[in-house]
Amino acid sequence: MKIRCAKDELYEAIQTVQRAVSGRSTLPILNNVLLEADDDTLCLVAYDLEFGIECTLAVKVEARGGATIPARILAEVVGSMPEAEITIEVDERQVVTITCGGSRYEIHGLPAEEFPRLPLLTEGARALVNRARFRQLIRSTSFATSVDETRPILTGVLTQLTADTIMLVATDTHRLAWAKGNLDEPVSAPASAIIPGRIYGELLRVLNAVSEEQCEICIGENQAQFRLGRVAVQSRLIEGEFPNWEKVVPKDHQTRVTVEAESFRQALRRAAIVAREDANKIILGIKDDGITITADSQEVGTGHEELAATLEGPPVSIGFNARYLLDSLNVMDAEEIWIDLRGPLESGLVCPMGDDGYRYILMPMQVG
Amino acid sequence: MPRTIVHVDMDAFYAAIEQRDHPELRGKPVIVGGRPGSRGVVSSASYEARAFGVRSAMPSTEAQRLCPEAIFAPVDMPKYAEASRTLMKVLESFSPTIEPLSIDEAFLDASGTERLFGPPEELGRAIKCRVLETLQITASVGIAPNKFLAKLASDLRKPDGLVVVGEGEAPALLDDLPIRKLFGVGEATEERLQRLGIATIGQLARYPRDILIQHFGQAGEHLSDLANGIDERPVETEREARSLSTEVTFDEDIADYERLEAVLFDLSEQVAWRLRKQRLRARTFTLRVRFADFDTVSRSRSQKRASNHGPLIFRSLCEPLAGLRESRRAVRLLGVAATQLCGEGDEAQLSLFGDDELEKARAVDEVLDAISARFGRGTIGRGRTLRPDS
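Remember, it's a predicted structure, so these values are computed and weren't measured experimentally.

Looking at the packing of aromatic side chains
Two aromatic rings, taken as a pair, are described by how far apart their centres are and by the angle between their planes.
Next, step 1: In the structure shown here, the tally under the stated rule is eight aromatic pairs over all chains.
Next, step 2: With centroids separated by 4.2 Å and ring planes inclined at 10 degrees, the aromatic side chains of Y14 of chain B and Y80 of chain B adopt a geometry described as stacked. Within this pair, whereas Y14 of chain B is found in helix α1 (residues 13-21), its partner Y80 of chain B is found in helix α4 (residues 77-92), the two being separated by 66 residues in sequence. As far as burial versus exposure is concerned, Y14 of chain B and Y80 of chain B are alike and both buried.
Next, step 3: Ring geometry for F94 of chain B against F117 of chain B: centres 5.0 Å apart, planes inclined by 45 degrees, an arrangement best described as tilted. In this pair, F94 of chain B sits in the loop between α4 and β5 (98-102) while F117 of chain B sits in helix α5 (residues 114-117), placing the two residues 23 residues apart along the sequence.
Next, step 4: The class for F94 of chain B is buried, based on a relative accessible area of 5%.
Next, step 5: Taken together, the ring pairs in this structure connect F134, Y200 and F226 of chain A into an aromatic cluster.
Next, step 6: A cation over an aromatic ring shows up here: R256 of chain A above the ring of W338 of chain A, its NZ or CZ 3.9 Å from the ring centre.

Take a look at the structure:
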């Protein structure tokens, strides 16, 4: 294999795929990036057997072929080269020679044939979604996944494609985030999958970095694939049954309070400073004339906030994890939000005003 | 200021309780444990049975061979647990700083109680007297300036002994004792020490410290300290403990990692049980492994959320244990410690899913604890804890 290309383009591609390099694999080759040259493109692949990224790049191909090379070395060597044309050449001994101007590096690689193939999907439910919309759907749900590895199902985001909508749900059993949006093109067949939250986190970076309008989603038997132009992200699916989330969505409310989102967020952030020493517990006092936020930590001291708000229904006092409330406020773009409550020990519902496509349900903390 | 550390160790606890409750067994060799031929082992043997060479953890069949007239009694955990609770209550009346070590032994820090209970000898007699009055069974008591010496002292005149080791008496007491009496010295270490010409604690105490460190690493330092009667470990009441741990030293080094895994499961359950008993959770769990050559390693695993659930502790420490498997090194001690403790009350967060797995796991824990509280620890466990020979 022998190719030539501009340093910055190559470096960008390396950085994109590098995210899928397993840092802790027992299989040494998974610490490598696969390079494959074909006619006029170079394809870079990193894959940790759970999650893979493939990125293709238009290059001058002088000899076709492939190689694998330690990802970190490749990234560091290419990243520190001057902005100029880089040549990568691989000989039959798997020595990868990287040259740029007067620099010449011969790096020991491993044979391309030994690199596990990304299981690219040929069959599955396909749909097209607007990139910015998909990004917001992921951003507003994936934070609510659980980090508890003992319940793998909850570390994933339920992703459902039905007709012309895409719906994402994540829960760690204390709170649940639900988001729904339209597809640009209806799905070929209804599909449901649980995508690891970690991989959605990586996909977010890709969604932020590329300029493509649309993302193609393909959900197969035990893999999902997200394609944005020359970048494809591949994820294994989490097997198992997602908890029955529909039954925990409150159907009614006693108290509804409407509050300006940004000032509520700022007040919560301040109260959280005191609350963090006390399991993040704050007390929301919902009254006729507004909302009070109280944080009381034996070790630190107390904090008190008052905000204007509109109340419908009886006043209520309820304990919440300030962090959980902030997590949702941080991803809502609405100017106003409303909170539905049914009593101090019942779940609350947080919604952005004027957006039917997002719901955040959280359980209170017991007070006293 | 020298401390007054008391070690109280009951004499043949289970067997003594059976003899107390069944007068016809008194003065006879009594073995509490599995029946001979049942693959069971000896849990506790009365001193009459010990005279025949019967020891705890010995297969019952072998015990019967050694002492054919021995009377076997089944293990009655609820009864022993009840006696243990009474014992700890009695001990608490002598000092609030009490560290239960097992069902029938505890450390007390009685520093500064002279005005209440008199000098150590009187304190020791008072403790023995009250234990006998309340439980009608005997205890051996050791009193010394530190835990190591106190534990050693309680063992010197068993049964029904009382040994007080004063400041400065340690060398005379330790000098001629075999190194085997030293806390943590098993067969392998004994052999290695003997190769250096060390047979008694006194010889070890006088042995150049730096050479011991060369041979045994950090453990050498510890051995040298102990041999010189130095032990700064405080008596830790569970309430103020910043960490909570439990460990087991094997009679014989174990290289079978499946067996070690089973022990790890048991230790995880024990730590979880102690956490729950004190309404605590821990964020970090540490696996401690001491190999046959005394080399000791610790591996910690932290969780985002604090827990007091045994299987979770076990799962988090399985991987570090598996990591040590490749070395195939025999293990003499396995321990599990919980740190970064927080109160259960910090976890007042309610759950959306009432019937979820977490809740189920918690419910199982609660049932296990309720049964243990009523009938004593060891009367119920998860399937994994049961071993074919127990």
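Remarks on the sheet that holds strand β14 (residues 191-196) of chain A
Residues and elements named next belong to chain A.
Next, step 1: Strand order in the open sheet formed by nine strands is β14-β11-β12-β13-β26-β25-β24-β18-β22, and the pairing between neighbours is antiparallel. Looking along the sheet, the strands with just one partner apiece sit at the ends: β14 and β22 (310-312). Going from strand to strand, the sheet's axes swing by 15 degrees on average, the running direction of each strand aside.
Next, step 2: In this sheet, strand β26 (residues 358-362) lies alongside strand β13 (residues 175-182) in antiparallel orientation, the contact comprising five bridges. Opposite R175, over in β26, you have L362 as the bridge partner.
Next, step 3: Here helix α3 (residues 131-139) sits on the sheet and contacts β12 (165-171) and β13; the angle it forms with β13, its principal contact strand, is near 170 degrees.
Next, step 4: The strands touched by helix α4 (residues 197-209) are β11 (156-162), β12 and β14; relative to β14, the strand with the most contacts, the crossing angle is about 85 degrees.

Conventions used here
- Residues numbered from 1 in each chain as written.
- Chains lettered and ligands numbered in written order.
- Predicted model: local features only at pLDDT ≥ 70, side-chain atom pairs only at ≥ 80, totals over all residues.
- Heavy atoms only, no water.
- Phe/Tyr/Trp six-rings, centres within 6.5 Å; stacked < 30°, edge-to-face > 60°.
- Helix = DSSP H or I, 4+ residues; strand = E, 2+ residues; numbered from the N terminus.
- Buried < 20%, exposed > 50% of the residue type's maximum accessible area, 1.4 Å probe, protein only.
- Lys NZ or Arg CZ within 6 Å of the ring centre and 35° of its normal.
- Pairing = 2+ DSSP bridges.
- Axes fitted to C-alpha atoms, helices over the stretch in contact; angles between N-to-C directions.
- Contact = heavy atoms within 4.5 Å.

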